[in-house]
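As a plain string of letters, each chain reads:
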Amino acid sequence: MDRSYAAFSARHRLPRRHFLRTARLNAVGFSALGGACLAAAATGALASRWTSRPPVLGAALGPVVVLTGLVALDRRKWAGTTTSFSFADDAATTRAVADQLVARGLPVDVEEHPPGSPALRYAHRHARQVHAALEDLGISAPFR
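It should be emphasised that the depicted structure is a prediction, and the values quoted were computed from it without experimental measurement.

## Focus: a nonpolar patch on the surface
Taken together, the side chains of Phe19, Phe30 and Leu67 present a nonpolar region at the surface, about 280 Å² in accessible area. Position of Leu67 relative to the elements: it lies in helix H2 (residues 55-80). Judged by its relative accessible area of 35%, Leu67 is partly exposed.

What follows is the structure, encoded as C-alpha cells:
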C-alpha cells in the first residue's frame with residue numbers, strides 16, 4: 001500500500017511543554033541533575049544544622065535552588081535565541097511592516113531563506129511586543 005500522504009488524527013493535540021525550553025535532558029542529564037539536587041540537599045541540611053535551623057528545611061531548599069537556577073539560566077538562553085515569522089510572499093510588504101515595527105522601537109530584521117520567502121526575525125524576548133504590534137497592524141500573529 002502506498003502511503004505517500006500524511007495521516008492526520010481527528011484529535012487535537014496540544015504541544016508538549018517542557019520545564020526547560022532549550023535543553024532536552026537524556027538519562028545522563030537527568031542523572032546529573034539528580035546528583036546536583038542531592039548534593040544541594042546535603043549542603044543545605046549541613047548549613048541548616050550549623051545555623052541551628054531544622055535540617056529538613058535546608059534539605060528541601062537545596063534542590064529548589066538548583067532547579068530554579070537551572071530554569072532561570074535556560075530561560076535566559078531561550079530569550080536570546082531568535083525566531084522568524086512569515087506572513088507574506090512579497091519582500092516589499094515584509095520590509096514595510098518591519099520598518100513600522102522598527103519605528104515602534106522593536107528590533108526586527110527581514111531575512112529571506114530561501115530567496116523569495118521573506119520573514120521577520122526577532123528575539124524570543126521581544127515576541128510578545130512584536131505579536132501585539134502585528135495584531136495592531138492587522139496581521140494575525142502566531143500564538144505562543
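## Details of the confidence of the model for the protein
Summarising the model, the protein shows a mean pLDDT of 87, and 88% of its residues fall at 70 or more. Per-element mean pLDDT across the protein ranges from 89 in strand S1 (residues 82-85) up to 96 in helix H1 (residues 27-50).

## A look at the pattern of salt bridges
Enumeration according to the criterion identifies 3 salt bridges in this entry. The partner of Arg95 in a salt bridge is Glu112, and the shortest N-O contact between them spans 3.1 Å. One end of the pair, Arg95, is in helix H3 (residues 91-103); the other, Glu112, is in strand S2 (residues 109-112), and 17 residues separate them in sequence. The salt bridge partner of Asp136 is Arg104, with a shortest N-O separation of 3.5 Å. A residue pair is termed long-range when its members are at least 10 positions apart, and Asp136 in helix H4 (residues 127-136) and Arg104 in the loop between H3 and S2 qualify at 32 residues.

## What to know about the pairing of S1
The two faces of S1 differ: Thr83 and Phe85 on one face are buried, but Thr82 and Ser84 on the other face are not. As judged from the 4 bridges shared by S1 and strand S3 (residues 118-123), these two strands associate in the antiparallel manner. Opposite Ser84, over in S3, you have Arg121 as the bridge partner.

## Examining the sheet that holds S2
Spatially, the 3 strands line up as an open sheet ordered S1-S3-S2, and their pairing is antiparallel. Two strands in the sheet have a free side with no partner beyond their single neighbour: S1 and S2. For this sheet, the mean angle separating the axes of adjacent strands, direction not counted, is 40°.

## Some details on the packing of aromatic side chains
Two aromatic rings, taken as a pair, are described by how far apart their centres are and by the angle between their planes. Considering all chains together, one arrives at 1 aromatic pair under this definition. For the cation-ring pair, Arg21 lies above Trp78, with the distance from its terminal atom to the ring centre recorded as 4.3 Å.

Rules used in this analysis
- Residues numbered from 1 in each chain as written.
- Predicted model: local features only at pLDDT ≥ 70, side-chain atom pairs only at ≥ 80, totals over all residues.
- Heavy atoms only, no water.
- Patch = residues over 30% accessible without salt bridge, like charges linked within 9 Å, V, L, I, M, F, W, Y side chains within 5 Å.
- Areas by Shrake-Rupley, 256 points an atom, 1.4 Å probe, with all protein chains shown as cover.
- Salt bridge = Lys/Arg side-chain N within 4 Å of Asp/Glu carboxyl O.
- Helix = DSSP H or I, 4+ residues; strand = E, 2+ residues; numbered from the N terminus.
- Buried < 20%, exposed > 50% of the residue type's maximum accessible area, 1.4 Å probe, protein only.
- pLDDT = per-residue confidence, 0-100.
- Pairing = 2+ DSSP bridges.
- Axes fitted to C-alpha atoms, helices over the stretch in contact; angles between N-to-C directions.
- Phe/Tyr/Trp six-rings, centres within 6.5 Å; stacked < 30°, edge-to-face > 60°.
- Lys NZ or Arg CZ within 6 Å of the ring centre and 35° of its normal.

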